[in-house]
Amino acid sequence: MEMIKLIKGDITKLEVDAIVNAANSSLMGGGGVDGAIHRAAGPSLHEECKEIIKKIGKLPTGEAVITGAGNLKCRYVIHTVGPIWQGGNFDEEKLLRNAYVNSLKIAKEKGIRSIAFPNISTGVYGFPKDLASDIAISAVREFLEKNPEIQQVIFVCFDEENYEIYKKKLHPNE
Ligand code: AR6
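Per chain, residues are indexed from 1 in the order of the written sequence. Only residues with pLDDT of at least 70 are given local features in this predicted model, and only at 80 or more are side-chain atom pairs given and counted; all residues enter the totals for whole chains, interfaces and linings. Neither water nor hydrogens contribute to the side-chain values; these are computed over all heavy atoms in the structure.

## Remarks on the sheet that holds strand β6 (residues 152–157)
Pairing between the strands of a sheet is mediated by backbone hydrogen bonds and can be parallel or antiparallel. Quick note on the threshold: Strands are labelled as partners when DSSP assigns at least two bridges between them. Where helices and strands are cited, they refer to DSSP runs of H or I of at least four residues and of E of at least two residues respectively, numbered from the N terminus. For helices, the fitted line uses only the C-alpha atoms of the stretch in contact; every axis is such a line through C-alpha atoms, and the angle between N-to-C directions lies from 0 to 180 degrees. Between two residues, a contact is recorded if the distance between any of their heavy atoms is within 4.5 Å.
Taken in spatial order, the six strands line up as β1-β6-β5-β2-β4-β3 in an open sheet, and their pairing is mixed. Edge positions in the sheet fall to β1 (4–8) and β3 (64–67), since each of these pairs with one other strand and no more. Along the sheet, successive strands turn relative to each other by an average axial angle of 25°, direction set aside. Of the pairings in the sheet, the one linking strand β5 (residues 114–117) to β6 comprises four bridges and is parallel in character. Within β6, the position partnered with I115 by the bridge is V153. Helix α1 (residues 32–41) rests against β2 (18–23) and β4 (76–81) of the sheet, and its axis sits at about 130° to β2. Across the sheet, helix α5 (residues 160–170) lies against β1 and β6, angled at about 150° from β1, the strand it touches most.

In structure tokens form, the structure reads like this:
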């Protein structure tokens, strides 16, 4: 089985061990994929996030935390915060890489074998999609080489533009 998979669609529908949420530092929900995940999971997700925020104050950009998944079909939601694109001179690339790597680290700690990522930061946060995909793909490939416990990583592209970008890079011969 191929370790990196690409699909176009809605991440809330997936039956994987964990899906990743492109959240913000408050973990209180929002629009985009964050809103979709909270709506589909139901109120328990919000409650769990509230408990975490009580303890840590806020989730810094590039960090990740894990919760249960409420009514979703997956077992866990890993919440991470991607950087807001501010032109490229504010460590955005490093912070986006951290969001992917720290999500994978938590997954590994929890014994998660399959994990799905949305295209973090490429919506409201305005990160250039082509650059974001390079960072996402290289961070995931590097992690998988060193950590074979994670058996499958799925990139879930919701918009056509991201899907075409990932398709060219992951399946160049198709
Ligand atoms: N499944 C998979 N991907 C999705 C879905 C979905 N159901 N819905 C949207 N996307 P965004 P960001 C894609 O804006 O840029 C929130 O309000 C979308 O096409 O969700 O990291 C948070 O609370 C895009 O490619 O997240 C934060 O405040 C990708 O998800 C802020 O937005 C990310 O777009 C985070 O901004």
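## Regarding the site of the ligand
Rules: Whether a residue is near a molecule or strand depends on its heavy atoms: if one lies within 4 Å, it is near. Under this definition, polar contacts are N or O atom pairs within 3.5 Å; protein pairs additionally need one hydrogen-donor-capable and one acceptor-capable atom, and for neighbouring residues in sequence, both atoms have to be side-chain atoms. Using a 1.4 Å probe, the Shrake-Rupley method yields the accessible areas, and only the shown protein chains count as cover for residues.
N24, G31, V33, D34 and S121 are the nearest of the 23 residues found near the ligand. One nitrogen or oxygen atom from the main chain of G31 is found 2.7 Å from an oxygen atom belonging to the ligand. Between D159 and the ligand, the recorded distance is 2.8 Å, taken from a side-chain N or O atom to an oxygen atom. Isolated, the ligand exposes 700 Å² of accessible area, and the fraction of that covered by the protein chains is 91%. Looking at the shell around the ligand, the elements with two or more residues in it are β2 and α1. If one sorts the elements of the shell around the ligand by residue count, α1 sits on top with four residues.

## Observations concerning the nonpolar core
Our working rule: Residues enter a nonpolar core if they are buried and are Ala, Val, Leu, Ile, Met, Phe, Trp, Tyr or Cys, with the set joined through side-chain atoms within 4.5 Å. Only protein chains enter the accessibility calculation, which uses a 1.4 Å probe; a residue is then buried when its area is under 20% of its type maximum, exposed when over 50%, and partly exposed in between.
Ranked by size, the top nonpolar core spans 34 residues in total, and within it I78, Y100, I115, F117, V140, F155 and Y166 carry the most contacts. For this core, the element with the most residues is helix α4 (residues 129–146), which contributes eight residues. Other than its neighbours up to four places away in sequence, F117 contacts I11, V20, Y100, S103, L104, V140, V153, I154, F155 and V156.

## As for the environment of M3
Secondary-structure assignment places M3 in the segment before β1. For the pair M3 and I154, spaced 151 residues apart in sequence, the C-alpha to C-alpha distance is 8.2 Å. Not counting the four nearest positions on each side in its chain, M3 is found in contact with L144, I150, Q151, Q152 and V153.

## A look at the environment of L95
Take L95: it is sitting in helix α3 (residues 92–109). Distance from L95 to G62, taken between C-alpha atoms, is 5.0 Å for residues 33 residues apart in sequence.

## A few points about the pairing of β6
Burial analysis of β6 places six of its six residues in the buried class, the great majority of the element. The alternating pattern of β6 places Q152, I154 and V156 and V153, F155 and C157 on opposite faces, both of which are buried. Sheet analysis places β1 next to β6, joined by five bridges and oriented parallel. Residue I7 lies in a different strand from β6, and its bridge partner there is V156.

## Quick look at the packing of aromatic side chains
Each pair of aromatic rings is reported with the distance of its centres and the angle of its planes. What counts is decided by this rule: Only the six-membered ring of Trp is used, alongside the rings of Phe and Tyr, when aromatic pairs are assigned; centres must lie within 6.5 Å, and planes under 30 degrees apart are stacked while those over 60 apart are edge-to-face, with the rest tilted.
Scanning all chains against the criterion turns up three aromatic pairs. With 4.8 Å between their ring centres and 40° between their planes, Y100 and F117 make a pair best called tilted. Of this pair, Y100 sits in helix α3 while F117 sits in strand β5, and the two are 17 residues apart along the sequence. Note on accessibility: Y100 and F117 belong to one class, buried.

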